[in-house]
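Working through the structure, step by step
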Amino acid sequence: MTPFGEAVRKLRLRKGVSQKQMAAALNVTPAYLSALEHGKRGTPTFDLLQRIAGYFNIIWDEAEELFLLARFSDPRIVVDTSGLAPEYTAFVNRLAGKIRNLDAATIRELDRVLENGGKTG
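What you see is a predicted model, and the numbers here were worked out from it, not measured in a lab. (Residues numbered from 1 in each chain as written. Predicted model: local features only at pLDDT ≥ 70, side-chain atom pairs only at ≥ 80, totals over all residues. Heavy atoms only, no water.)

**With respect to the domain arrangement of the protein**
A common way to state how big an interface is: give the accessible area lost once the parts meet. To keep it simple, the criterion reads: Those domain boundaries reflect an automatic or database domain assignment.
Taken as a whole, the protein is organised into domain 1 (3-72) and domain 2 (86-118). On a C-alpha basis, the centroid separation for the pair domain 1 and domain 2 is 28 Å.

**Comments concerning the pattern of salt bridges**
Put simply, the rule reads: The salt bridge definition used is simple: a Lys or Arg side-chain nitrogen within 4 Å of an Asp or Glu carboxyl oxygen. Helix numbers and strand numbers start at the N terminus; a helix is a DSSP run of H or I with at least 4 residues, a strand a run of E with at least 2. Three labels apply to residues, based on accessible area from a 1.4 Å probe with only protein chains included: buried if under 20% of the type maximum, exposed if over 50%, partly exposed otherwise in between.
Going through the model one piece at a time under the given rule, you end up with five salt bridges. One salt bridge in this structure joins glutamate 37 and arginine 12, with 2.7 Å as the shortest N-O distance. Of this pair, glutamate 37 sits in helix H3 (residues 30-37) while arginine 12 sits in helix H1 (residues 3-15), and the two are 25 residues apart along the sequence. Each member of the pair, glutamate 37 together with arginine 12, is buried. A salt bridge links glutamate 62 to arginine 14; the shortest N-O distance between them is 3.4 Å. Placement of glutamate 62 in helix H5 (residues 60-71) and of arginine 14 in helix H1 is noted, with a sequence separation of 48 residues between them. Here the residues in one salt-bridge network are Arg9, Arg12 and Glu37, joined through shared partners.

**Some words on the layout of surface pockets**
Short version of the rule: The distinction between a cavity and a pocket rests on a 1 Å grid over the protein atoms alone: a 1.4 Å probe fits inside a cavity but cannot get out, while a pocket stays open yet meets protein on both sides within 12 Å along at least five of seven lines, and a residue with an atom within 4 Å of a point counts as lining. Grid points are joined across faces, edges and corners, and a volume is the space filled by probe spheres set on the points. Only Asp, Glu, Lys and Arg are considered charged, only Ala, Val, Leu, Ile, Met, Phe, Trp, Tyr, Cys and Pro nonpolar, and every remaining residue, Gly among them, polar.
In this structure, the largest pocket encloses a volume near 1,700 Å³. Elements that contribute at least two residues to the lining of the largest pocket include exactly H5, helix H6 (86-98) and helix H7 (104-115). Taken together, the residues that form the lining of the largest pocket break down as 17 nonpolar, three polar and six charged. When we break the lining of the largest pocket down by domain, the ones giving at least three residues each are domain 1 (3-72) and domain 2 (86-118).

**Focus: the nonpolar core**
Note the threshold: Definition used in this section: a nonpolar core is a set of buried Ala, Val, Leu, Ile, Met, Phe, Trp, Tyr and Cys residues joined via side-chain atoms within 4.5 Å. What makes two residues a contact is simply this: any of their non-hydrogen atoms within 4.5 Å.
Counting 22 residues, the largest nonpolar core has Phe4, Met22, Ile52, Phe56, Ile58 and Leu66 as the members making the most contacts within it. When residues of this core are assigned to their parent elements, the largest contribution, six residues, is made by helix H4 (residues 46-56). Among residues more than four places away in sequence, those in contact with isoleucine 58 are Leu11, Ala53, Ala63 and Leu66.

**Some remarks on the UniProt feature "domain: HTH cro/C1-type" (unreviewed entry) in the protein**
Let me state the cut-off plainly: UniProt positions are given in the numbering used here, feature names are shortened, and annotations may be inferred rather than shown by experiment.
Within this structure's numbering, the places UniProt gives as "domain: HTH cro/C1-type" (unreviewed entry) are residues 8-66. Its end C-alpha atoms 8 Å apart, residues 8-66 is made of 71% helix and 0% strand.

**A closer look at unusual backbone geometry**
Not every positive phi belongs to a glycine, and asparagine 27 is a case in point at roughly 60 degrees. Take asparagine 27: it is sitting in the loop between helix H2 (19-26) and H3. The backbone phi angle of asparagine 57 is positive, close to 50 degrees, even though this residue is not glycine.

Here you go:
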């Protein structure tokens, strides 16, 4: 599940609607909505994001957070390291190979490094 999928699922459960009901209201298939919630589909279109925000009648701040989650929830990403030093390409490939084995604490630490502009400490 992606951060976006988790957020949509929570909103849907809070509203007390099924995937089938929500899918019908958004004019998408229940299978697509299920795949989106479970992280098996890429980032939804901006149009669909707006329809989801409208469906849940969420305020602008919450909608903005949902849009940001969608941006960082594509389960299949491509990292372009062309033009970078070889160690960048090697690092990204090592990360791709090890990502499933990293524990939550390591992920939080890497996230902290990214939030600090790549600086440790």
